[in-house]
Amino acid sequence: MSKCEQCIVRQFSSLKALNKDELLRMADCKTSYTIKKGEVIFEEGETTHGIYCVKDGVCKMTKLSANGKDQIVKLVKPGELLGQRSMISEEPTNLSAVALEDMEVCFIPKTEIMQFFNQNNNFSMNVMKTICGDLKEADDHMVSMAQKSVKERLAETLIYLEENFGKTEDGCLKLQLSREELAGMIGTATESCIRLLSELNKAGLIELDGKRIKITDRNKLRRLAD
């Protein structure tokens, strides 16, 4: 059995529509990489010649705003694919992808993926559904940025981090973002983010332990987020 058949990415992504022969073909042409924390997978405006499958680790998708700050648009976890949209639209990437922790990724060339896309109806439908899902998320994010206060967005983001990336044994958020990264997710200055975390801490909704954050009153935090 090829490793692609047993891989987490196949179970959770559009690749689940590929049959055994296609997976074997993919296994023959893929290249595996280890990407260290902080390293760039691809830069905004780059032309990617295929897709990346995230096997392990988390990366942030960022866009450089006019003031030179990185706005974090999305976090990508194991089982997801990178670069599908720009490959199909044949445009340079709209976002940069940067590793938040050490990652294992596989690169599959465009020629191979486009063959699957043209020959396997279920696969092409799955890719389209994923892209539609991303667009819906982007719409929701835009509405949230426009209608919620920074404090509400911070509460929403902390809940999102716990629900999607889990907790450590002692109950802190597993995915450790720097204060700057957290500020980049909610679209505010780092100083504001630090001040708001301190306010949530004083109100007993979270606990701060150095860089680590623990949610102590999820119900109140969710009410604030909603």
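Because the structure is predicted, anything quoted here is derived from the model rather than measured.

Chemist: Honestly, the packing of aromatic side chains in this entry has me stumped. Any pointers?
Modeler: Aromatic ring pairs are reported here in terms of the distance separating the ring centres and the angle at which the planes meet. Applying the stated criterion across every chain yields a total of 4 aromatic pairs. Taking 4.9 Å as the distance between ring centres and 55 degrees as the angle between the ring planes, the aromatic pair formed by tyrosine 52 and phenylalanine 107 counts as tilted. Note that tyrosine 52 is positioned in strand S3 (residues 50-56) and phenylalanine 107 in strand S8 (residues 103-109), a separation of 55 residues in sequence. With relative accessibility at 13%, the residue tyrosine 52 sits in the buried group. With a relative accessible area of 14%, phenylalanine 107 lands in the buried category. Their ring planes at 90 degrees and their centres at 6.2 Å tell us that phenylalanine 116 and phenylalanine 123 sit as a pair that is edge-to-face. Accessibility classification places phenylalanine 116 together with phenylalanine 123 in one group, the buried group. The lysine or arginine in question, lysine 77, covers the ring of phenylalanine 165, its NZ or CZ lying 5.9 Å from the ring centre.

Chemist: Quick question: what am I supposed to make of the side chain of glutamate 162 here?
Modeler: Mapping glutamate 162 onto the fold places it in helix H7 (residues 150-165). On the accessibility criterion, glutamate 162 (8% relative accessible area) is buried. Here arginine 218 takes part through its side chain, which lies 2.5 Å from a polar atom of the side chain of glutamate 162. Excluding residues that lie within four positions of it along the chain, glutamate 162 makes contacts with Lys167, Leu173, Ile215 and Arg218.

Chemist: What is the right way to read the environment of isoleucine 113 from this model?
Modeler: Relative to the assigned elements, isoleucine 113 resides in helix H5 (residues 110-119). Along the chain, isoleucine 113 and isoleucine 51 lie 62 residues apart, while their C-alpha atoms are 7.9 Å from each other. Setting aside residues up to four positions removed in sequence, isoleucine 113 forms contacts with Ile51, Met87, Ile108 and Phe123.

Chemist: Where do I start with the nonpolar core in this structure?
Modeler: Proteins that are soluble and globular tend to have nonpolar side chains buried together. One finds Leu158, Leu182 and Leu221 to be the most contacted residues of the largest nonpolar core, which totals 27 residues. Looking at which element gives the most residues to this core, the answer is H7, with 6 residues. Counting residues in hydrophobic clusters, the runner-up holds 20 residues, among them Ala17, Ile51, Met87 and Phe116.

The rules behind these values
Residues numbered from 1 in each chain as written. Predicted model: local features only at pLDDT ≥ 70, side-chain atom pairs only at ≥ 80, totals over all residues. Heavy atoms only, no water. Phe/Tyr/Trp six-rings, centres within 6.5 Å; stacked < 30°, edge-to-face > 60°. Helix = DSSP H or I, 4+ residues; strand = E, 2+ residues; numbered from the N terminus. Buried < 20%, exposed > 50% of the residue type's maximum accessible area, 1.4 Å probe, protein only. Lys NZ or Arg CZ within 6 Å of the ring centre and 35° of its normal. Polar contact = N/O pair within 3.5 Å; in protein donor to acceptor, adjacent residues only side chain to side chain. Contact = heavy atoms within 4.5 Å. Core = buried A, V, L, I, M, F, W, Y, C linked by side-chain atoms within 4.5 Å.

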